[in-house]
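What the coordinates show
Chain by chain, the residues run as shown.
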Amino acid sequence: MYTSDWDEPNRGSPLSLTPWVRRLLVANAVVYLLQLTVFMGAWFGETFAFSPSTALSQPWTFVSYMFVHTGFLHIAFNMLMLFFFGPAVEERMGGTNFVRYYMLCGLGGAAFSFLINAVIPVRPFVGASAAVFGVALAFAIHWPNLRIYIFPIPVAIKAKW
């Protein structure tokens, strides 16, 4: 994932996970498996998805939406980004600050939906995308010149791009 001779995150193995990244990956996987096996049906999404129109009557959705996904590719891409960018960011920030930042980014996604909803209606949504993109942004801010491979681009590009 990373290629550079300078400014590289200090990590042992590229497959090593930090504690909070591991916990978040497991939590998302467990919720997804429960979604597929135990909590099937539209009621699950309606109960845990975030919607600006029902947020005040369902305040848990500010957090719960981050752990519910619409399908395999949805969770796979979110968790893949967390897997690659999360450990370096967690090591840089420290575990407590990392999980706070992750949750703040997720809450920011929900808050941003209120602004969008003022212009066009926002349907209920789920997924860790806001939180994970926040982690990717932190990575790009801390290591802007680090060359990374982004599928399907065949050459390494700088993280800032």
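Higher on the page you've got the structure.
Report follows, based on the coordinates. Residue indices begin from 1 for each chain and proceed along its sequence in written order. Residues qualify for local features only when their pLDDT is at least 70, as the model is predicted, and side-chain atom pairs are given and counted only at 80 or more; totals for whole chains, interfaces and linings, by contrast, use all residues. Think of the side-chain values as coming from all heavy atoms in the structure, minus any hydrogens and water.

1. A look at helix 4 (residues 72-93)
Put simply, DSSP marks the helices as runs of H or I at least four residues long and the strands as runs of E at least two long, and each gets a number from the N terminus on. Multiply 1.5 Å by the residue count of a helix minus one, and that product is the helix's expected span. Taking 1.5 Å of rise per residue, the 22 residues of helix 4 would be expected to cover 32 Å, and the 30 Å separating its terminal C-alpha atoms lies within 8% of that figure. Within helix 4, burial applies to Ile75, Asn78, Met79, Leu82, Phe83, Phe85, Gly86, Pro87, Ala88, Val89 and Glu90. Gly94, located one to two residues past helix 4, shows a positive phi value of around 95°. Buried, partly exposed and exposed residues are distinguished by accessible area as a fraction of the type maximum, computed with a 1.4 Å probe on protein chains only: under 20%, between the cut-offs, and over 50%, respectively.

2. Some details on the nonpolar core
Think of a nonpolar core as a cluster: buried Ala, Val, Leu, Ile, Met, Phe, Trp, Tyr and Cys residues, connected wherever their side-chain atoms sit within 4.5 Å. Core analysis: the largest hydrophobic core is formed by 31 residues, its most contacted members being Leu82, Val89, Phe98, Tyr102 and Phe139. Residues count as neighbours in contact if any of their non-hydrogen atoms are within 4.5 Å of one another. Sequence-distant contacts of Phe98, defined by excluding residues within four places in its chain, comprise Trp20, Val21, Leu24, Leu82, Gly86, Val89, Glu90, Met93 and Val135.

3. What to know about unusual backbone geometry
Following Phe151, the chain continues to Pro152 via a peptide bond in cis, the omega torsion being 10°. Note that Pro152 resides in the loop between strand 2 (147-148) and strand 3 (157-158).

4. Topic: a nonpolar patch on the surface
A cluster of nonpolar side chains, Val26, Val30, Leu34, Val38, Phe39 and Trp43, forms an exposed patch at the surface whose accessible area comes to about 500 Å². The leading source of residues in the nonpolar patch is helix 1 (residues 19-37), at three residues. Structurally, Trp43 is set in helix 2 (residues 42-48). Look at Trp43 and you get partly exposed, because its relative accessible area is 41%. Surface patches are defined over residues having more than 30% relative accessible area and no salt bridge, joining like charges when they lie within 9 Å and nonpolar side chains (Val, Leu, Ile, Met, Phe, Trp, Tyr) when within 5 Å. Using a 1.4 Å probe, the Shrake-Rupley method yields the accessible areas, and only the shown protein chains count as cover for residues. What makes a salt bridge here is a side-chain nitrogen of Lys or Arg within 4 Å of a carboxyl oxygen of Asp or Glu, nothing more.

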